[in-house]
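# Geometric and topological summary
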Amino acid sequence: PMSKVVAQAAGIRTVTIQMVLIACIIAGMVGISIAAGIQRNMNRISKKLVDVANGDLTGEVTVKGQDEFRNLAASATNMIRNTSKLVGKVNSATAQLDESAKKVSSVSDIVSDYSEHIIKAINEINTGMEMQSENASICIEKMDTLSDDMQEVSNVTKRVGSLVEEAEKMIA
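Throughout what follows, the structure given in this document is the object of discussion. Residue positions are given per chain, counted from 1 along the sequence in the order it is written. Only residues with pLDDT of 70 or above have their local features reported here, since the model is predicted, and side-chain atom pairs are shown and tallied only from 80 upward, although totals for entire chains, interfaces and linings are computed over all residues. With hydrogens and water set aside, each side-chain value is computed from the structure's full complement of heavy atoms.

## Considerations on a negative patch on the surface
Definition in use: Two joining distances apply to patches: 9 Å for like charges and 5 Å for nonpolar side chains (Val, Leu, Ile, Met, Phe, Trp, Tyr), and every residue must have over 30% relative accessible area and no salt bridge. All accessible areas in this document rest on Shrake-Rupley with a 1.4 Å probe, and a residue is counted as covered only by the protein chains that are shown. Throughout this description, the term salt bridge denotes a Lys or Arg side-chain nitrogen within 4 Å of a carboxyl oxygen of Asp or Glu. Charged-residue counts in this description rest on Lys and Arg as positive and Asp and Glu as negative, His and the chain ends being excluded. By convention, the charge on Lys lies at NZ, on Arg at CZ, on Asp at CG and on Glu at CD. Numbering goes from the N terminus for both helices and strands, where a helix is a DSSP run of H or I of at least four residues and a strand is a run of E of at least two.
Together, E141, D144, D148 and D149 make up a negatively charged patch on the protein surface. Note on placement: D148 falls in helix α3 (residues 104-171).

In structure tokens:
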């Protein structure tokens with residue numbers, strides 16, 4: 001009877017250790033996968049925004065997943081489209097100004113109106129860039145939180161190991 005209890009306790013101990021190790025491995029893999037996904041999406045968004053900053057107003061920002069990065073990419077894509085439309089409007093306005101050069105009084109009104117739109121658009125672009133910067137900061141904070149959570153899982157795993165050792169000592 002006592003040998004059966006000891007054998008069963010040893011079996012439980014072995015299973016417990018195996019389960020803890022498996023849980024640690026899974027938690028690590030999930031953490032690495034999440035961090036890699038965040039990094040990939042940030043790289044995609046950052047690359048497209050660099051292209052936009054260099055004057056490429058074509059295409060759209062694409063990311064994988066259905067999370068905050070999808071929303072950020074959609075906002076960036078909308079900003080690119082709106083900027084492209086604005087550039088089209090500016091080009092159109094320039095053509096109209098060239099044609100209207102003979103009518104100075106009417107041209108000054110048109111220039112004034114377009115200038116206001118351009119200023120608003122520049123302010124909207126600046127606001128969008130600031131929001132993207134804030135979102136990037138939030139992303140970094142979330143990555144820090146994930147790191148802290150992973151450290152806590154490690155600490156809990158160590159505590160479980162200590163409890164297993166104590167239980168073994170009690171059983172023995």
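Still more ground to cover, so stick around.
## Let's talk about the pattern of salt bridges
For clarity, the threshold we go by: Per-residue accessibility, obtained with a 1.4 Å probe over protein chains only, is compared with the maximum for each type, and a residue is labelled buried under 20%, exposed over 50%, and partly exposed between these values.
Tallied over the full model, the rule gives six salt bridges. In this structure, the salt-bridge partner of D51 is K47, at a minimum N-O distance of 3.4 Å. Pair noted here: D51 and K47 are both in helix α1 (residues 2-53), with a separation of four residues, about one helical turn. Using a relative accessible area of 54% as the deciding quantity, one classes K47 as exposed. Residue K48 is joined to D56 by a salt bridge in which the shortest nitrogen-to-oxygen separation is 3.7 Å. Exposure remark for K48: the relative accessible area of 11% places this residue in the buried category.

## Re α1
Filter applied, for reference: To estimate the expected span of a helix, count its residues, drop one, and scale the result by 1.5 Å.
Taking 1.5 Å of rise per residue, 52 residues should cover 76 Å, and α1 covers 75 Å from first to last C-alpha, within 8% of that figure. Within the sequence span of α1, burial applies to A9, G28, G31, G37, I38, N41, I45, K48, L49 and V52. Looking at the residues trailing α1, positive phi occurs at G55, about 105 degrees.

## Looking at the environment of R44
Our working definition: Two residues form a contact once any of their heavy atoms are found within 4.5 Å.
Take R44: it is sitting in helix α1. When the C-alpha atoms of R44 and V63 are compared, they prove to be 6.8 Å apart, with 19 residues separating the residues in sequence. Ignoring any residue separated from it by four or fewer positions in sequence, one finds R44 in contact with T62, V63 and K64.

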